[in-house]
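# Descriptive structure summary
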Amino acid sequence: MNRIVNAIKGRLPAHFADRMEERIAGLRDFERLESLDLSALTITCDDGALRDQYIVSVLDSQNLKGVISVSPDLIGTDGFLDYAALRDIQARGHELAFHGNDHSPFTDIRPLSKLTDKVADGLTRLRDHGLSTQTVVYPCGNNNRRIRQALAPFFRAGVSTWFGVNSGKRINRYAIRRVPFGAYASQHAPSEHWYRDMIDAALSEPRWIILMLHPSSTEHTPDHTAMLQRLTQYAREQGLPVRSVSAHLDALQPASPRDNGHFQAGVS
Ligand SMILES: [Zn+2]
């Protein structure tokens, strides 16, 4: 099996090959999200830019909580939120996710021990500044079977850029799918109607929609921010919870929110 997967991976673009590997090789116990019996809408912003504040404001105005993905090397640099702003966002109930130290794709960092050392260092730096993270949002979405295994002890869940709405019994909690919104969304027919249909579908069967926003990109326009406001309002009116990643994991597993047998809070 591994020989076949590796032979295929050598010939294909990384994301396609890594997704195929994930499909063919199957889920390991630590990757299995036991049951998705509740729907939710999650709003994520990459990459901790100043313009993420517009989205935070939209969410705050409706008393909703989202996810901001941050990279320690970028915090406080030109165009990015600083530690004080991030502490304030966290204090208002939003989730901060780890997004690599300098946004380099994890598949570029070798050997694996170097990656885990860097992640441990990045998490320590965040913690030293009063920020806590339970979720990794893979920089550029890159992840594979070895990376998921190596990083699972540090995080409760991992979010990729792999396209999709999470549903059914086969959800990889370390390769959770997202749907682009605004920037990077053009190839997916992203009309407001299209997103509303997605919300409607989540009202009739369990689906976890995670929207991926890049507010700092020029492709993300004020119209997108206004559309997001209407969509989150619509979700609320229809009764679809709008939650962060960790809040939805809590909702799915209320009895033992961190008991997936792998994640250890506070590992360093
Ligand atoms: Zn990013």
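These remarks concern the structure in this document. Keep in mind it's a predicted model, so treat the numbers as computed, not measured.

## Brief notes about the overall build of the protein chain
- Each helix and strand counted, the protein chain has 9 helices and 8 strands in total.
- Here the protein chain, with 268 residues, has 51% of them falling under the buried criterion.
- Contacts spanning at least 24 positions in sequence make up 74% of the contacts within the protein chain whose residues lie at least 6 apart.

## Some thoughts on the coordination of the zinc ion
- Every protein donor of the zinc ion is accounted for by D47 (OD), H99 (NE2) and H103 (NE2), and the metal-donor separations fall at 1.8 to 2.1 Å.
- Each donor residue of the zinc ion belongs to the same chain, and together they define the spacing D-x51-H-x3-H. Taken as a pair, D47 in the loop between β1 (40-46) and α3 (52-61) and H103 in the loop between β3 (95-98) and α5 (112-128) lie far apart in primary sequence, 56 residues in all.
- A relative accessible area of 23% places H103 in the partly exposed class.

## Side note on the side chain of H220
- One can find H220 in the loop between β8 (207-213) and α8 (222-238).
- A distance of 2.9 Å separates a polar atom in the side chain of H220 from a polar atom in the side chain of T225.
- For H220, the residues in contact, after removing those within four places along its chain, are R51, I55, F181, G182, A183, L213, H214, P215 and T225.

## Regarding the pattern of salt bridges
- Per the stated rule, a full pass over the model turns up 13 salt bridges.
- Through salt bridges with shared partners, a single network forms among E22, R170 and R177.

## So, helix α7 (residues 192-204)
- Between its first and last C-alpha, α7 extends 19 Å over 13 residues, near the 18 Å set by a 1.5 Å rise per residue.
- Along α7, the residues classified as buried are Y195, M198, I199 and A202. For α7, the angular spread of buried residues about the axis comes to 95 degrees, placing them on one side. Turned more than 90 degrees from where α7 packs its buried face, H193 and S204 sit exposed.
- Elements in contact with the buried residues of α7: β7 (176-181), β8 and α8.

## A short note on the packing of aromatic side chains
- On inspection of all chains with the given rule, the structure shows 6 aromatic pairs.
- Plain terms: the ring middles of W194 and Y195 are 5.0 Å apart, the flat faces sit at 85 degrees to each other, and that makes the pair edge-to-face.
- Among the aromatic residues, ring-to-ring pairing joins F98, F154 and F155 into one connected group.

## Re the pairing of β8
- In terms of burial, β8 is a largely internal element, 6 of the 7 residues being buried.
- As paired elements, β1 and β8 share 6 bridges and run parallel to each other. In the sheet register, T44 faces β8, and the bridge partner there is M212.
- As paired strands, strand β6 (residues 166-167) and β8 are joined by 2 bridges and run antiparallel to one another. The residue of β8 that forms the bridge with N166 is W208.
- In the sheet, β7 pairs with β8 via 3 bridges, with the strands oriented parallel. Bridge pairing links P180 to M212 in β8.

## Topic: the packing of α3 against α8
- Running from amino to carboxyl end, α3 crosses α8 at an angle of 25 degrees, the nearest separation of the two axes being 10 Å. For the element pair α3 / α8, the angle class is roughly parallel. Two packed elements cross with a definite hand, and for α3 against α8 that hand is right-handed. Of α8, the residues touching α3 (which contributes Y54, I55, V58, L59 and S61) are T225, L228, Q229 and T232.
- Taken together, the residues that form the contact of α3 with α8 break down as 5 nonpolar, 4 polar and no charged.

## A closer look at the environment of I55
- Following the sequence through the fold, I55 ends up in helix α3.
- Relative accessible area serves as the criterion here: at 1%, I55 is assigned to the buried category.
- In this structure, I55 is in contact with I43, C45, L213, P215, H220, T225 and L228, ignoring residues within four places of it in sequence.

Definitions and cut-offs
Residues numbered from 1 in each chain as written. Predicted model: local features only at pLDDT ≥ 70, side-chain atom pairs only at ≥ 80, totals over all residues. Heavy atoms only, no water. Helix = DSSP H or I, 4+ residues; strand = E, 2+ residues; numbered from the N terminus. Buried < 20%, exposed > 50% of the residue type's maximum accessible area, 1.4 Å probe, protein only. Contact = heavy atoms within 4.5 Å. Donors = N, O, S within 2.8 Å, 3.2 Å for Na, K, Ca; no water. Polar contact = N/O pair within 3.5 Å; in protein donor to acceptor, adjacent residues only side chain to side chain. Salt bridge = Lys/Arg side-chain N within 4 Å of Asp/Glu carboxyl O. Expected span 1.5 Å × (residues − 1). Arc of directions from axis to C-beta. Phe/Tyr/Trp six-rings, centres within 6.5 Å; stacked < 30°, edge-to-face > 60°. Pairing = 2+ DSSP bridges. Axes fitted to C-alpha atoms, helices over the stretch in contact; angles between N-to-C directions. Parallel < 35°, antiparallel > 145°, perpendicular 65-115°, else oblique. Left-handed = near helix turned anticlockwise from the far one by under 90°. Nonpolar A, V, L, I, M, F, W, Y, C, P; charged D, E, K, R; others polar.

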